[in-house]
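Okay, here's what each chain looks like letter by letter:
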Amino acid sequence: MPYRALISPSIGSGDILAAMTDSITIRKPFDSHLHLRRGSVLRAVTPYSAERFGHAIIMPNTEPPIDTLGTAIEYYGEIREAVPESAGGFDPLMTFYLTKNLTPAEIERGAVGAEGVRIYGVKSYPFGATTNSQWGYRNILEAKDVLKEMERLGMPLLLHGEVHLNDQDEEEDPYDGEKLFIADTLPRLLDTYSELKVSLEHMSTTEAIDFMEKNGKEGKLVATVTPHHLMYDRTQAFSGGYRALLHCKPLVKRREDRERLREMIKKGLPFVSAGTDSAPHPENKKFSSCCAFGVFNSPVAVEMYAQVFDEIGALDKLEDFLSANGPRFFGLEPDENKITLEKKDWQVTEAVVTDEGVNIWPVASARHGLGNETMRWRLRP
Ligand code: NCD
Ligand code: ZN
């Protein structure tokens, strides 16, 4: 390893001299999966990611979707304008949405790029499954020409790996969507396009973990993990009533799924990386009779990952997971800059407020989360 996390030990007070880690310095993290939206929400949330991450793979499910190089260039410019000078290095890496309008020719244009912007991956959303998935294919296997071209060009396919509708167009049980995708769609996809580079996004079930532990391969078949699927399970999602801030796709699952995710990251597998899936929604869309899917975690994501790695005694694996494995899949070097995290209790008490006065609540909000949550790690300013 050419780089190493700098872990500072301190000696605990009291009779027992326990060596405890109280700060960690790592390369600036890489977010393999980030939603920033557009307009006032984008301006409000982007600084939180830019402070913590050097690069992020930007999800294309905006309205309208990003499925041409022209719109990606415009979107890139809007994000860059929202990056504060203090975090000037933050570089958004653009993707295409696998809509019915996305052509093989556009993918080739995207792979070449223009005006300093190129396309790093193509994101597939199953029709109807999640926020702005109305432009997606019902089944990824229908997108034959596009997949063939991506395979030829080495353009990664980023998968929202859930089956939402069955062959009769009926909705599947949302707790089974990922399991069904892993059992059938994914093996068929990998068999048909044997050279395609694939990232299975936001793993949430033991089935996905079993599959990846067996078949995952650096540079070829990789997976991302969110902080909220590592931190929470559905017991908490339903604790004292349904917790809107935890409502997302894939849904947070059973405690045993969360435990398996934790065991997996502890192994330090080179094909597993951080993808926050931070997905901001305005307060009125979250606290509504039809709560929007999406967990907003940018202000706490790196801190949550550090807390989980600390809890499982794997802080030595944190830097590869956060800062090295992601960029390697996309053919990039880890960031030159560093961040330091320190072990200090704090609480998220405020909403992020847009310049139009709209509140966006982070997942661990002491007010709207599970109730008075305490974060154990924080970013050193
Ligand atoms: C995402 C969003 O809001 O854009 N929501 C979510 O629950 N994760 C879309 C997605 O990644 O599914
Ligand atoms: Zn997402």
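Residues numbered from 1 in each chain as written. Chains lettered and ligands numbered in written order. Predicted model: local features only at pLDDT ≥ 70, side-chain atom pairs only at ≥ 80, totals over all residues. Heavy atoms only, no water.

Chemist: I would appreciate a short explanation of the overall build of the protein in the present structure.
Modeler: A count of helices and strands for the protein gives twelve helices and 14 strands. Taken against the 2.2 N^0.38 rule, which gives 21 Å for 381 residues, the C-alpha radius of gyration of the protein at 20 Å falls within 12% of a compact globule. By residue count, 57% of the 381 residues in the protein fall in the buried class. Split by element, the accessible area of the protein, about 15,800 Å² in all, is 47% carbon and sulfur. When the 44 basic and 57 acidic side-chain charges of the protein are each reduced to a single mean position, those positions are 2 Å apart. (Helix = DSSP H or I, 4+ residues; strand = E, 2+ residues; numbered from the N terminus. Rg over C-alpha atoms; globule rule 2.2 N^0.38 Å. Buried < 20%, exposed > 50% of the residue type's maximum accessible area, 1.4 Å probe, protein only. Areas by Shrake-Rupley, 256 points an atom, 1.4 Å probe, with all protein chains shown as cover. Lys, Arg positive; Asp, Glu negative; His and termini not counted. Charge placed at Lys NZ, Arg CZ, Asp CG, Glu CD.)

Chemist: Any chance you could explain helix 2 (residues 69-81) here in plain terms?
Modeler: Each full turn of the α-helix corresponds to 3.6 residues, which orients residues three or four apart in the same direction. With 13 residues, helix 2 ought to run about 18 Å at 1.5 Å a step, and its terminal C-alpha atoms sit 19 Å apart, in line with that. Those residues of helix 2 that fall on the buried side of the exposure criterion are L69, A72, I73, Y75, Y76 and I79. When helix 2 is viewed along its axis, its buried side chains cluster within an angular range of 165 degrees and face the same direction. Projecting away from the buried face of helix 2 at angles above 90 degrees are the exposed residues E74 and E81. Among the structural elements, helix 1 (39-52), strand 4 (55-58), strand 5 (91-97), helix 3 (104-112) and strand 6 (119-124) are those in contact with the buried residues of helix 2. (Expected span 1.5 Å × (residues − 1). Arc of directions from axis to C-beta. Contact = heavy atoms within 4.5 Å.)

Chemist: Just to check I follow, could you spell out the site of ligand 1 for this structure?
Modeler: Near ligand 1, the surroundings consist of 15 residues, among which R37, N61, T130, K249 and D277 are the closest. One of the side-chain nitrogen or oxygen atoms of D277 is found 2.8 Å away from a nitrogen atom of ligand 1. Relative to its unbound accessible area of 320 Å², ligand 1 is 100% covered by the protein chains. Looking at side-chain class alone, the shell around ligand 1 contains four nonpolar, eight polar and three charged residues. (Near = heavy atom within 4 Å. Polar contact = N/O pair within 3.5 Å; in protein donor to acceptor, adjacent residues only side chain to side chain. Nonpolar A, V, L, I, M, F, W, Y, C, P; charged D, E, K, R; others polar.)

Chemist: When you look at the confidence of the model for the protein in this model, what are you seeing that I'm missing?
Modeler: Detailed reading of the predicted coordinates is not advisable wherever pLDDT falls low. Of all residues in the protein, 94% have pLDDT values of 70 or greater, and the mean over the chain is 93. Between the elements of the protein, mean pLDDT differs from a low of 50, seen in strand 1 (residues 6-11), to a high of 99, seen in strand 9 (residues 221-225). Counted against residues more than four places away or in other chains, residues 9-19, with its pLDDT under 50, gives eleven contacts. (pLDDT = per-residue confidence, 0-100.)

Chemist: Would you explain the coordination of the zinc ion (ligand 2) in this entry?
Modeler: Around a metal, the ideal angle is 109.5 degrees if four donors adopt a tetrahedral arrangement and 90 or 180 degrees if six donors adopt an octahedral arrangement. The coordination sphere of the zinc ion (ligand 2), as far as protein atoms go, consists of H33 (NE2), H35 (NE2) and D277 (OD), spread over 2.0 to 2.1 Å. Along the chain, the residues donating to the zinc ion (ligand 2) are arranged with the sequence spacing H-x1-H-x241-D. The exposure class of H35 is buried, given its relative accessible area of 6%. (Donors = N, O, S within 2.8 Å, 3.2 Å for Na, K, Ca; no water.)

Chemist: In this structure, what is going on with the side chain of E373? I would like to understand it.
Modeler: Secondary-structure assignment places E373 in the loop between strand 13 (359-360) and strand 14 (375-379). Separated by 2.6 Å, the side chains of E373 and Y232 make a polar contact. Contacts of E373, omitting those with residues within four sequence positions, involve Y232, W346, Q347, V363, A364, S365 and A366.

Chemist: Honestly, the packing of helix 6 (residues 206-215) against helix 9 (residues 255-266) in this entry has me stumped. Any pointers?
Modeler: Helix-helix packing is characterised by the crossing angle of the two axes and by the distance between the axes. Two elements in contact, helix 6 and helix 9, have axes separated by 9 Å at closest approach and are oriented at 25 degrees. Taken together, helix 6 and helix 9 sit at an angle that is classed as roughly parallel. Between helix 6 and helix 9, the residues in contact are T206, I209, D210, M212 and E213 and E256, D257, R260, L261 and M264, respectively. Its residues assigned to classes, the contact of helix 6 with helix 9 shows four nonpolar, one polar and five charged. (Axes fitted to C-alpha atoms, helices over the stretch in contact; angles between N-to-C directions. Parallel < 35°, antiparallel > 145°, perpendicular 65-115°, else oblique.)

Chemist: Is there a simple way to think about the nonpolar core in this case?
Modeler: The nonpolar side chains of soluble globular proteins are, as a tendency, buried together. Within the largest apolar cluster, 110 residues are counted, with the highest numbers of intra-cluster contacts made by L157, L189, L200, M203 and L341. Ignoring any residue separated from it by four or fewer positions in sequence, one finds L200 in contact with L159, G161, F181, I182, L186, A208, M212, V222, A223 and T224. (Core = buried A, V, L, I, M, F, W, Y, C linked by side-chain atoms within 4.5 Å.)

Chemist: Got a minute to help me understand the pattern of salt bridges in this structure?
Modeler: Any two side chains of opposite charge can pair, on the condition that their charged atoms come close. The final tally for this structure, using the stated rule, is 25 salt bridges. Note that R52 is salt-bridged to E303, the shortest N-O span being 2.9 Å. One end of the pair, R52, is in helix 1; the other, E303, is in helix 11 (residues 301-311), with 251 residues separating them in the sequence. The pair formed by R52 and E303 is uniform in burial state, with each residue classed as buried. (Salt bridge = Lys/Arg side-chain N within 4 Å of Asp/Glu carboxyl O.)

Chemist: What's the story with the sheet that holds strand 10 (residues 272-274) in this structure? I'm lost.
Modeler: The strands making up a sheet are joined through hydrogen bonds of the backbone, oriented either antiparallel or parallel. On the basis of which strands lie adjacent, the open sheet formed by eight strands has the order 3-4-5-6-7-8-9-10 and parallel pairing. Each edge of the open sheet is held by one strand with a lone partner, namely strand 3 (30-34) and strand 10. Recorded for the sheet is a direction-independent mean angle of 30 degrees between the axes of neighbouring strands. As paired strands, strand 4 and strand 5 are joined by three bridges and run parallel to one another. Bridging across to strand 5, H55 finds its partner in D91. (Pairing = 2+ DSSP bridges.)

Chemist: Explain the packing of helix 11 against helix 12 (residues 318-329) here, please?
Modeler: Between helix 11 and helix 12, the least distance of the axes is 9 Å, while the angle of their chain directions is 145 degrees. In this structure, helix 11 uses V302, Y305, A306 and F309 to contact helix 12, whose residues at the interface are L318, F321 and L322.

Chemist: Explain the side chain of Q307 to me, please; I cannot follow it from the model alone.
Modeler: Mapped onto the fold, Q307 is located in helix 11. Relative accessible area serves as the criterion here: at 8%, Q307 is assigned to the buried category. The contacts of Q307, once residues within four sequence positions are left out, are M231, T374, M375, R376 and W377.

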